[in-house]
Amino acid sequence: MYQELQSKVTEEKPSYRQEEIHWLLEHLGDPSPEIRDDLVFTSLARGIQEELFTQEQFHFIAETISSNEGVEKEIDKIGLSTLERSFKALVYANLLSADANPQSIFYQRLKADIRYILLDQGLHYLEKEKDTTGFSSQYGWVHAFAHGADLLTEVVCHPGFPKNRVLDGLDILGQIFKRISICFTDDEDWRLARVLYEPILQGKLEQEQVASWIKAVDFPIEEREDFYKFSNFRSCLLEVYVQLDQRNILQADLKEAIQSFQY
């Protein structure tokens, strides 16, 4: 099975049998990065993005991956359990992206109950995730917080996620930065910044709302770990600044809020 699937990675328009998709899902959290990253996730993401899967296969992937607690499975365990959660989060993000894309054959094709699970779990996943490993010498990229950030971004930007609840996503983002007491070293803070600027770019969030939210966020520094939390959040805000400024759309109130954020 591995060899068959590996050969399809380089094919222009491969098709997949049901047992092959089942194998891919079974190995989503494989400890080998060559299998997990280069074969399994590459195949699943490409199949969704390039519409290589059938509608039935799309539904099968969505239903299978969200079953058995989905990204919340064994949420208190790390190691192999984290790998499965982390890469499930990436597939969740791809499913939601396709479901939200009018140009995709999978547009609005998620079943309502499955869409609800993906949105709800995606909103709250990083509130519960504890494993901050970026790169592991044993497993390669684990990156749960980066992948969870990609998922949270897709959640708040999804048309099925109410515009009046986007601020809930920001509140969760603030909680994440206040909870994690290590200094992010693998661009997790930049990935989390997408939760702020992508909904702005897509018209689901106003810059003045973000500015008001930043002014209300407080990072008191009493211990060394408090500085790490502050530093992570400041790095996130600087990425928002850069992304909006280079598009020449950064407004004065948000610019001032980011520039004034200090301890």
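For the protein chain, an unreviewed UniProt entry supplies the name DUF2785 domain-containing protein and the organism Streptococcus australis ATCC 700641.

J.: Looking at this model, I keep getting lost on the nonpolar core. Mind explaining?
T.: Within soluble globular proteins, side chains that are nonpolar tend to cluster in buried spots. In terms of nonpolar packing, the biggest core is built from 84 residues, with Leu-44, Val-91, Leu-95, Leu-196, Ile-214 and Leu-254 touching the most fellow members. If one sorts the elements of this core by residue count, helix α5 (residues 80–100) sits on top with 10 residues.

J.: Help me out: how do you make sense of the environment of Leu-119 in this one?
T.: Within the fold, Leu-119 resides in helix α6 (residues 112–128). Along the chain, Leu-119 and Ile-258 lie 139 residues apart, while their C-alpha atoms are 29 Å from each other. Ignoring anything within four residues of it in the chain, the contact list for Leu-119 reads Leu-96, Val-155, His-158, Gly-160 and Phe-161.

J.: Looking at this model, I keep getting lost on the layout of surface pockets. Mind explaining?
T.: Gaps left between atoms are located by rolling a probe of water-molecule size over the structure's atoms. Of the volumes computed, that of the largest pocket is approximately 320 Å³. In terms of lining, the largest pocket is formed by 15 residues, of which the most central are Leu-25, Glu-26, Lys-73, Glu-84 and Lys-88. Sorting elements by how many residues they give to the lining of the largest pocket places α5 first, with four residues. Looking at side-chain class alone, the lining of the largest pocket contains five nonpolar, six polar and four charged residues. Contributing to the lining of the second largest pocket are 13 residues, with Gln-49, Ala-93, Asn-94, Ser-97 and Ala-98 lying nearest its centre. Every element with two or more residues in the lining of the second largest pocket is listed here: α3 (33–49), α5 and α7 (144–157).

J.: Before we go on, may I ask you to explain the packing of aromatic side chains in this structure?
T.: Tallied over the entire structure, the rule returns 15 aromatic pairs. With 6.1 Å between their ring centres and 40° between their planes, Phe-227 and Phe-230 make a pair best called tilted. Here Phe-227 pairs with Phe-230, and both are found in helix α11 (residues 224–245), just three residues apart, close to one helical turn. Summarising the aromatic geometry, the rings of Phe-230 and Phe-261 are spaced 5.1 Å apart at their centres and angled 15° between planes, so their arrangement reads as stacked. Taken together, the residues span a long stretch of sequence, with Phe-230 in helix α11 and Phe-261 in the segment after α12 (252–260) at a distance of 31 residues. On the basis of relative accessibility, which here comes to 1%, the residue Phe-230 falls in the buried class. One aromatic cluster is present, built from ring pairs that chain together Phe-145, Phe-177, Phe-184, Trp-213, Phe-219, Phe-227, Phe-230, Phe-233, Phe-261 and Tyr-263. Note that Lys-8 overlies the ring of Tyr-16, its terminal NZ or CZ placed 5.1 Å from the centroid. A cation over a ring is seen here: Lys-178 above Phe-219, with NZ or CZ 5.9 Å from the ring centre.

J.: Would you take a moment to explain the side chain of Glu-129 for this structure?
T.: Looking at the secondary structure, you find Glu-129 in the loop between α6 and β1 (135–136). A relative accessible area of 0% means that Glu-129 is categorised as buried. Here Tyr-125 takes part through its side chain, which lies 2.6 Å from a polar atom of the side chain of Glu-129. Sequence-distant contacts of Glu-129, that is, excluding residues within four places in its chain, are made with Ile-75, Thr-82, Arg-85, Ala-144, Phe-145 and Arg-179.

J.: When you look at the packing of helix α2 (residues 18–26) against α3 in this model, what are you seeing that I'm missing?
T.: Any two packed helices are characterised by the angle at which their axes cross and by the distance between the axes. The interhelical angle for the contact between α2 and α3, taken along N-to-C directions, is 130°, at an axis separation of 10 Å. With respect to each other, α2 and α3 are oriented oblique. Crossing hand, α2 versus α3: left-handed. Together, Trp-23, Leu-24 and Leu-25 of α2 and Ile-35, Leu-39, Val-40, Ser-43 and Leu-44 of α3 make up the contact between the two elements. In terms of residue class, the contact of α2 with α3 is made up of seven nonpolar, one polar and no charged.

J.: Any chance you could explain the environment of Phe-227 here in plain terms?
T.: Here Phe-227 falls in the partly exposed class, since its relative accessible area comes to 32%. Put simply, Phe-227 and Ala-216 are 11 residues apart on the chain and 18 Å apart in space, counted from C-alpha to C-alpha. Those residues in contact with Phe-227, other than ones at most four positions away along the chain, are Ile-221, Arg-234 and Tyr-263.

The rules behind each value
- Residues numbered from 1 in each chain as written.
- Predicted model: local features only at pLDDT ≥ 70, side-chain atom pairs only at ≥ 80, totals over all residues.
- Heavy atoms only, no water.
- Core = buried A, V, L, I, M, F, W, Y, C linked by side-chain atoms within 4.5 Å.
- Buried < 20%, exposed > 50% of the residue type's maximum accessible area, 1.4 Å probe, protein only.
- Helix = DSSP H or I, 4+ residues; strand = E, 2+ residues; numbered from the N terminus.
- Contact = heavy atoms within 4.5 Å.
- 1 Å grid on protein atoms, 1.4 Å probe; cavity = no way out; pocket = protein on both sides within 12 Å on 5 of 7 lines; lining within 4 Å.
- Points joined across faces, edges and corners; volume = space filled by probe spheres on them.
- Nonpolar A, V, L, I, M, F, W, Y, C, P; charged D, E, K, R; others polar.
- Phe/Tyr/Trp six-rings, centres within 6.5 Å; stacked < 30°, edge-to-face > 60°.
- Lys NZ or Arg CZ within 6 Å of the ring centre and 35° of its normal.
- Polar contact = N/O pair within 3.5 Å; in protein donor to acceptor, adjacent residues only side chain to side chain.
- Axes fitted to C-alpha atoms, helices over the stretch in contact; angles between N-to-C directions.
- Parallel < 35°, antiparallel > 145°, perpendicular 65-115°, else oblique.
- Left-handed = near helix turned anticlockwise from the far one by under 90°.

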